[in-house]
Amino acid sequence: MVQTVYKLPFRLLGIPIHLDLTFLLALPLLAWLIGTQMDRFAEVLGLGADSESLTQGIRPYLLGLFAAISLFASVLAHELGHSVVGRHFNLRIRSITLWILGGMAQFEMIPRKRGTEAIMAIAGPITSLMVGFTAWLLLHLTPVSFSGTRFVLAYVMHMNIILAIFNLLPALPLDGGRVFRSVLALRIPYLRATQIAAATSKFLALLLGFIGVIFLNLWMILIAFFIYIAVTGESEYATVSTMLKGIEVDDLMTREVVTVSSETRVSDLVQRMFRERHLSFPVLDGASKLVGFVTLQDIRQMKASGRREAETTVGEIMTQDVERIGEHESAFEAFQRIGRSKAGRLVVIDHFGGLIGLISKTDLIRAVQVRTVEGIGGAEEDNW
Ligand SMILES: [Zn+2]
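Residues numbered from 1 in each chain as written. Predicted model: local features only at pLDDT ≥ 70, side-chain atom pairs only at ≥ 80, totals over all residues.

The N-to-C vectors of helix 1 (residues 21-36) and helix 4 (residues 59-88) enclose an angle of 135°; their axes lie 7 Å apart at closest approach. The angle between helix 1 and helix 4 falls in the class oblique. The interaxial crossing formed by helix 1 with helix 4 has right-handed handedness. Between helix 1 and helix 4, the residues in contact are Leu 27, Leu 30, Ala 31, Trp 32, Ile 34 and Gly 35 and Pro 60, Tyr 61, Leu 63, Gly 64, Leu 65, Ala 67, Ala 68, Leu 71 and Phe 72, respectively. Broken down by class, the residue content of the contact of helix 1 with helix 4 amounts to 13 nonpolar, two polar and no charged. (Axes fitted to C-alpha atoms, helices over the stretch in contact; angles between N-to-C directions. Helix = DSSP H or I, 4+ residues; strand = E, 2+ residues; numbered from the N terminus. Parallel < 35°, antiparallel > 145°, perpendicular 65-115°, else oblique. Left-handed = near helix turned anticlockwise from the far one by under 90°. Contact = placed C-beta atoms within 7 Å. Nonpolar A, V, L, I, M, F, W, Y, C, P; charged D, E, K, R; others polar.)

Below is the structure:
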């Protein structure tokens, strides 16, 4: 399988930086685009007079590369702006990803405290404006003879201003959309605010896509498409977090868990799977000590490697690394963790690390559905 995300070997302000494959393709493409159209770029940036010295030899391509790198550095600065402010509100940042449409800072969760989201969201465009202003200042301090440096600075200045303005578009999940929702949520329940912001965003996305089609602007169409998809995810996220509010894992988990011992032969496990119509089992060592998880997939892999069912024990083929969650943790935490894990369920443990249940995506979805029908949630947000 092609790896689509590359991690930088260092962290910035303690945050891991991920480079998406689309970013790695966009970078040379952008450098090439600037290189081949250097005179046009110089014209637009108000450096038409330098055109001659900028287009000599491989210079335009080198400058294109510098400009492309500085654009992504600007995007990174924008995301770090969000992150630093987020950290101030005790929100953990998992990583920053750079991809073809810019950057994304992944927070552990979206802040719900009144107004916090707005402050965090506005921090990005403000950072961009500051970078743009710095570039403008440096541009005016750089002697006219340094045409290459001036080109990169002028490019950085323009792109940061565009970045700030574009991100202030009041569409989720862009910064402007977050400010919009957060301000709405000062007066009305968070879920309702999200629904209004989401509807506005979808409208804006359609409008943007429409304009993109008329002007045959692929970039606009792509962004419109991205906003439309992402906003759907945002409103689902808000719905689920509201509906699961106040519920703990042990309210929703399945208690009757069928387990298997690590000593069991795989042939016996296959029989049990057939009999009990159950395809995955937590594996116990002794009475209740959880040591792993075994699924049909593990058996398939074992067969592929040529081992025989009757001569292999469950302990040899199980996955040892099982995602656990405490019984008193919030159901929403479980929802987020399941979303990140491949397994689609978590093992619930008590204080002593003993297995007491399982919680799956289905359990959570069912709870959300029931609460939606009951109309619970959404009304008591004053304390957020
Ligand atoms: Zn932003």
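A separate point is the sheet that holds strand 10 (residues 355-360). A sheet is described by the order of its strands in space; here three strands give the open sequence 8-9-10, paired in mixed fashion. Whereas interior strands pair on both sides, the edge strands pair on one side only; in this sheet they are strand 8 (324-326) and strand 10. Strand after strand, the sheet turns through a mean of 35° between neighbouring axes, direction not considered. Here strand 8 pairs with strand 9 (residues 345-349) via three bridges, running parallel. Opposite Ile 325, over in strand 9, you have Val 348 as the bridge partner. Along the sheet, helix 14 (residues 331-340) contacts strand 8, strand 9 and strand 10; its crossing angle with strand 9, the most-contacted strand, is approximately 135°. (Pairing = 2+ DSSP bridges.)

Our next topic: the sheet that holds strand 4 (residues 102-107). Strand order in the open sheet formed by four strands is 1-2-3-4, and the pairing between neighbours is mixed. Where the open sheet ends on each side, the last strands, each with one partner, are strand 1 (5-12) and strand 4. When strand polarity is set aside, the average angle formed by the axes of neighbouring strands in this sheet is 25°. Looking at chain direction, strand 1 and strand 2 (residues 15-20) are connected through five bridges and run antiparallel. From the neighbouring strand, Leu 12 faces strand 2, where its bridge partner is Ile 15. Contacts from helix 1 reach strand 1, strand 2 and strand 3 (93-99) within the one sheet, and its direction differs from that of strand 2 by about 65°.

A separate point is the nonpolar core. Membership of the largest hydrophobic core comes to 32 residues, with the highest contact counts inside it found for Leu 244, Val 294 and Ala 334. Ranked by residues supplied to this core, first place goes to helix 14 with five residues. In contact with Leu 244, other than residues within four places in its own chain, are Ala 331, Phe 332, Phe 335, Leu 364, Ala 367 and Val 368. Counting residues in hydrophobic clusters, the runner-up holds 27 residues, among them Ala 31, Leu 63, Leu 98 and Ala 164. (Core = buried A, V, L, I, M, F, W, Y, C linked by C-beta atoms within 7 Å. Buried ≥ 20, exposed ≤ 12 C-beta atoms within 10 Å, placed from the backbone.)

Moving on to unusual backbone geometry. Positive phi outside glycine occurs at Leu 13, with the angle close to 50°. Residue placement: Leu 13 occurs in the loop between strand 1 and strand 2.

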